[in-house]
Amino acid sequence: MACRLTIIGDFNPELLLLAYGIDLPPERTWQKGEILTKDRICETSGIQFFVSKAPRDDYRRQFKEAAAFLWVNKQWLRVITKDPRVAEGCLDFGLAQDHHLAYYRRLPLNLIQMAAVCSVEIELSFYAVTGKSEDISQHAKTTEESGETEKTGADNGS
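Residues numbered from 1 in each chain as written. Predicted model: local features only at pLDDT ≥ 70, side-chain atom pairs only at ≥ 80, totals over all residues. Heavy atoms only, no water.

Let us look at the packing of aromatic side chains. Any aromatic ring pair is given by two values, namely how distant the centres are and how the planes are angled relative to each other. Inspection of the entire model under this criterion finds 3 aromatic pairs. Relative to W76, the ring of F49 lies with its centre 5.4 Å away and its plane at 55°, an arrangement referred to as tilted. You can see F49 sitting in strand β5 (residues 45-52) and its partner W76 sitting in helix α2 (residues 59-80), a full 27 residues away along the chain. Note on accessibility: F49 and W76 belong to one class, buried. When the centroid spacing of 4.9 Å and the interplanar angle of 90° are considered together, the rings of F63 and F93 count as edge-to-face. One end of the pair, F63, is in helix α2; the other, F93, is in strand β6 (residues 86-97), with 30 residues separating them in the sequence. The residues F63 and F93 share a single accessibility class, namely buried. Here a set of aromatic residues connected by ring pairs shows up, and it is made of Y59, F63 and F93. (Phe/Tyr/Trp six-rings, centres within 6.5 Å; stacked < 30°, edge-to-face > 60°. Helix = DSSP H or I, 4+ residues; strand = E, 2+ residues; numbered from the N terminus. Buried < 20%, exposed > 50% of the residue type's maximum accessible area, 1.4 Å probe, protein only.)

Below, the structure written as structure tokens:
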């Protein structure tokens, strides 16, 4: 998937969602101390939501859908990101990077403003891909299935 909102900190994910009456189902949750692999343990707890399912090569749609997501969910996001147990909220855009010497992606002002209102950081993650949108979407699916893009907090709150 192209864009996710990840909230990490020192909390029980289910109880945090319940405490704020958040009925939006998360993509996934994890608990501090949870074993990921035999060598990795989550250092933080987290909640992750799908924000945009646009392909990685359609960054304009990702930005538009993210701004809309923040607008619709701003009430609870403004409160939950100020909870002392929450370390950070981050909107992560997975963007396609084909073979060019430089990459320029301008964030729309309304997206930046909504992220600030919701106290959410913005991260742009570029993934090397080639080919058409279908190839990029398949690469994204393969990457996600391998867990390469997971924000688990296992590496210093990653």
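Averaged over the protein, the pLDDT score is 83; the fraction of residues at 70 or greater is 80%. Within the model, the stretch residues 133-137 combines pLDDT values under 50 with 10 contacts to residues more than four positions away or in other chains. Predicted confidence for residues 142-158 stays below pLDDT 50, and this span has 41 contacts to residues more than four positions away or in other chains. (pLDDT = per-residue confidence, 0-100. Contact = heavy atoms within 4.5 Å.)

Below, the discussion takes up α2. If you check α2, its first and last C-alpha atoms are just 27 Å apart, much less than what 22 residues at 1.5 Å a residue would give, namely 32 Å. At K74, α2 shows its largest bend, some 80°. Those residues of α2 that sit buried are Y59, Q62, F63, A66, A67, F69, L70, N73, K74, W76, L77 and I80. For α2, the secondary structure elements touched by its buried residues are β1 (3-9), α1 (13-19), β5, β6, α3 (109-117) and β7 (121-128). (Expected span 1.5 Å × (residues − 1). Bend = angle between axes of the 7 residues up to and from the residue.)

This paragraph deals with the nonpolar core. Residues L5, I7, L70, L77 and L91 are the most contacted members of the largest nonpolar core, which totals 28 residues. Breaking this core down by element, the ones donating at least two residues are β1, α1, β5, α2, β6 and α3. In terms of residues, this core owes the most to one element, α2, which gives 9 residues. Not counting residues within four places of it along the chain, the set of residues in contact with L91 comprises C3, R4, L5, V51, A66, L70, L111, V120, E121, I122 and E123. (Core = buried A, V, L, I, M, F, W, Y, C linked by side-chain atoms within 4.5 Å.)

What follows deals with a nonpolar patch on the surface. A surface patch of nonpolar side chains, amounting to about 390 Å² of accessible area, comprises L109, I112, I122, L124 and F126. Secondary-structure elements contributing two or more residues to the nonpolar patch are α3 and β7. Element by element, the count of residues in the nonpolar patch is highest for β7, at 3 residues. Among the residues examined, L109 registers a relative accessible area of 58% and is labelled exposed. (Patch = residues over 30% accessible without salt bridge, like charges linked within 9 Å, V, L, I, M, F, W, Y side chains within 5 Å. Areas by Shrake-Rupley, 256 points an atom, 1.4 Å probe, with all protein chains shown as cover. Salt bridge = Lys/Arg side-chain N within 4 Å of Asp/Glu carboxyl O.)

Direction vectors running N to C along α2 and α3 enclose 20°, while the axes themselves pass 9 Å from each other. As summarised for this structure, α2 and α3 are arranged roughly parallel, according to the angle between their axes. Viewed along their axes, α2 and α3 form a crossing whose handedness is left-handed. In this structure, α2 uses F63, A66, A67, L70, W71, K74 and R78 to contact α3, whose residues at the interface are N110, L111, M114, A115 and V117. Looking at side-chain class alone, the contact of α2 with α3 contains 9 nonpolar, 1 polar and 2 charged residues. (Axes fitted to C-alpha atoms, helices over the stretch in contact; angles between N-to-C directions. Parallel < 35°, antiparallel > 145°, perpendicular 65-115°, else oblique. Left-handed = near helix turned anticlockwise from the far one by under 90°. Nonpolar A, V, L, I, M, F, W, Y, C, P; charged D, E, K, R; others polar.)

As for its position among the elements, I22 is in the loop between α1 and β2 (28-30). With 54 residues separating them along the chain, I22 and W76 place their C-alpha atoms 7.2 Å apart.

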